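If you want the building blocks of each chain, they are given just below.
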Amino acid sequence: MADNNYPKLHNAMWPGIVGKGAPDSEPIIPIDTLLELTAKAEVDGQKFDGVDIFITAPHFDIDSSPDEVKRMADHIGSFGLKIGSMVAPIWGGAGGGSAMGSNEDRERFLTQVRKACGIGQQLREIGIRPTGGIRIDSSASVEDWDKDPAANTQLIADTFSKAADIAEAHGEYLVAEGEICWGGMHSWREMVKLLETVNRPGVVGFQADMAHSMLYTLGYNAEADRILPPDFDWNDTDALDAAYKKVADALRPWTLDFHVAQNDGTVFGSGDHEKTGRHCLVDDPNGRLDIVKHAGYWLRDDNGNLTKTMRHICWDGCMFPNDVMESQDTWNAILGAMVKVRDAHGWRE
């Protein structure tokens, strides 16, 4: 229904940082630029409700003082936007460490989770953050994980369990984003196994990104867990639907956070980063997903009933060129797709 007001519609701020800022890449897009574009987007009188953020400099320093956090809350609020889920900088290059690394690596990982949860708790107490989790991953390569899969999954699970204790103490929950580049999270079966091993439902869950989750069906970094054949014909939409539903059915019970996205079915790796997927614009002619239909696989249960688990959903547009991201038309088109998802799979409160 067009009058649905849940789930709330959020835009991601981290695409202004991820893949940006290096000598051989485009400059980082300031958070104010992204906030302004998000706030100005409008489709038939409907607007974005909020933003999901990356707690890292130069957008939002993980070491911000309580006063600085309050200033950031007031600043984002001045655009008429709420804050939702937040990405914790748990990677080695961002001050964290591998969840299956040395004791020191794992302690750095947990320190970043602790800082992020503290900020998250403060933002909730301020009242600007009514919904959302703290996003993490294993911060480990598939190649390293492959050296001892059972032991490494157990080590990641142990780290996630300690992180869960931290989150719970702050009234927060953690969402592990399933991307094929992260060891122990690189296949849909391994992702389920990891979540079952942690076994903290409601505290450690899955962040389903439509684009990344689709790649699970293709088995790029986990051939044994491939669902679609290597020579898959993308015109066979029934086979794609069945494969994608299989992934969603396995992971939906664990899903606490959701990214609307589009994908062209290809992968790429950069530097020492393993193969991962490409996000596409909603109107990309090579997009393989039916955004509204496939969003329903995550937002509705096996019987087609709304789960209402996600109080907000977010658009993730990582790795778009700056000229695309700095165009207002881009965000109007994205908002239009988000509204269609809410019209089809939302509700009113």
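Look a little higher up for the structure.
Residues numbered from 1 in each chain as written. Predicted model: local features only at pLDDT ≥ 70, side-chain atom pairs only at ≥ 80, totals over all residues. Heavy atoms only, no water.

## Observations regarding the pattern of salt bridges
Taken as a whole, this structure holds 23 salt bridges when the rule is applied. Two residues, Lys 47 and Glu 42, come together in a salt bridge whose shortest N-O distance is 3.7 Å. Across the pair Arg 200 and Asp 165 runs a salt bridge, and its minimum N-O distance is 3.0 Å. Taken together, the residues Arg 200 in the loop between helix H6 (188–198) and strand S6 (204–209) and Asp 165 in helix H5 (residues 149–169) connect sequence positions 35 residues apart. (Salt bridge = Lys/Arg side-chain N within 4 Å of Asp/Glu carboxyl O. Helix = DSSP H or I, 4+ residues; strand = E, 2+ residues; numbered from the N terminus.)

## Quick notes on helix H2 (residues 66–77)
Given a rise of 1.5 Å per residue, twelve residues ought to cover 16 Å, and the 16 Å separating the end C-alpha atoms of H2 matches this to within 8%. Turning to H2, its buried residues number three or more, namely Val 69, Met 72, Ala 73 and Ile 76. Mapping the buried residues of H2 onto a view down its axis gives an arc of 100°, with all of them on the same face. Residues of H2 that are exposed and point over 90 degrees away from its buried face: Asp 67 and Arg 71. As for H2, its buried residues are in contact with helix H1 (31–40), strand S2 (50–54), strand S3 (82–87) and helix H3 (103–126). (Expected span 1.5 Å × (residues − 1). Buried < 20%, exposed > 50% of the residue type's maximum accessible area, 1.4 Å probe, protein only. Arc of directions from axis to C-beta. Contact = heavy atoms within 4.5 Å.)

## Describing empty space enclosed by the protein
Summed over all chains, the structure comprises one cavity of 30 Å³ or more. Quantified by volume, the largest cavity comes out at close to 40 Å³. Lining the largest cavity, in full, are Pro 7, Leu 299, Leu 306, Thr 307, Lys 308, Thr 309, Met 310, His 345 and Trp 347. (1 Å grid on protein atoms, 1.4 Å probe; cavity = no way out; pocket = protein on both sides within 12 Å on 5 of 7 lines; lining within 4 Å. Points joined across faces, edges and corners; volume = space filled by probe spheres on them.)

## Re the nonpolar core
Counting 98 residues, the largest nonpolar core has Phe 160, Leu 251 and Phe 258 as the members making the most contacts within it. Sequence-distant contacts of Phe 160, that is, excluding residues within four places in its chain, are made with Ala 99, Phe 109, Ile 136, Asp 137, Ser 138, Leu 174, Ala 176, Met 185, Leu 194, Val 198 and Val 204. (Core = buried A, V, L, I, M, F, W, Y, C linked by side-chain atoms within 4.5 Å.)

## Topic: the packing of helix H8 (residues 237–251) against helix H9 (residues 291–299)
It is at 9 Å that the axes of H8 and H9 come closest, and there the two elements cross at 25°. In terms of orientation, H8 and H9 fall into the roughly parallel class. As H8 packs across H9, the resulting crossing turns out to be right-handed. Contacts between H8 and H9 involve Leu 240, Asp 241, Tyr 244, Lys 245, Val 247, Ala 248 and Leu 251 on the former and, on the latter, Lys 293, His 294, Tyr 297 and Trp 298. Residue composition of the contact of H8 with H9, grouped by class: seven nonpolar, one polar and three charged. (Axes fitted to C-alpha atoms, helices over the stretch in contact; angles between N-to-C directions. Parallel < 35°, antiparallel > 145°, perpendicular 65-115°, else oblique. Left-handed = near helix turned anticlockwise from the far one by under 90°. Nonpolar A, V, L, I, M, F, W, Y, C, P; charged D, E, K, R; others polar.)

## So, the environment of Ile 28
Tracing the chain through its elements places Ile 28 in the loop between strand S1 (8–12) and H1. Taking the C-alpha atoms as reference points, Ile 28 and Lys 275, separated by 247 residues in sequence, lie 23 Å from one another. Those residues in contact with Ile 28 that sit more than four places away from it in its chain are Gly 16, Ile 17, Lys 20, Gly 21, Pro 58 and His 59.

## Remarks on the sheet that holds strand S4 (residues 134–136)
Taken together, eight strands build a closed barrel; the order of strands is S1-S2-S3-S4-S5-S6-S7-S10 and the barrel is parallel. Put simply, the sheet's adjacent strands are angled 30° from each other on average, direction ignored. Set on the sheet, H6 makes contact with strand S5 (174–177) and S6; between it and S6 the angle comes to about 160°. Lying on the sheet, helix H11 (residues 328–345) is in contact with S1, strand S7 (255–260) and strand S10 (312–315); it crosses S1 at an angle near 145°. (Pairing = 2+ DSSP bridges.)

## Examining the packing of aromatic side chains
Taken as a whole and judged by the stated rule, the model has eight aromatic pairs. Ring geometry for Phe 109 and Phe 160: centres 6.1 Å apart, planes at 25°, overall stacked. Of this pair, Phe 109 sits in helix H3 while Phe 160 sits in helix H5; the two residues are 51 residues apart in sequence, bridging distant segments of the chain. Look at Phe 109 and you get buried, because its relative accessible area is 0%. Summarising the aromatic geometry, the rings of Phe 232 and Trp 234 are spaced 5.0 Å apart at their centres and angled 80° between planes, so their arrangement reads as edge-to-face. In textbook terms, an aromatic cluster arises when at least three aromatic residues are bridged by ring pairs, as seen for Phe 206, Tyr 244, Tyr 297 and Trp 298. Of note, Lys 8 hangs over the ring of Tyr 6, and the distance from its end group to the ring centre comes to 4.5 Å. (Phe/Tyr/Trp six-rings, centres within 6.5 Å; stacked < 30°, edge-to-face > 60°. Lys NZ or Arg CZ within 6 Å of the ring centre and 35° of its normal.)

Purely geometric numbers; function is a separate question.
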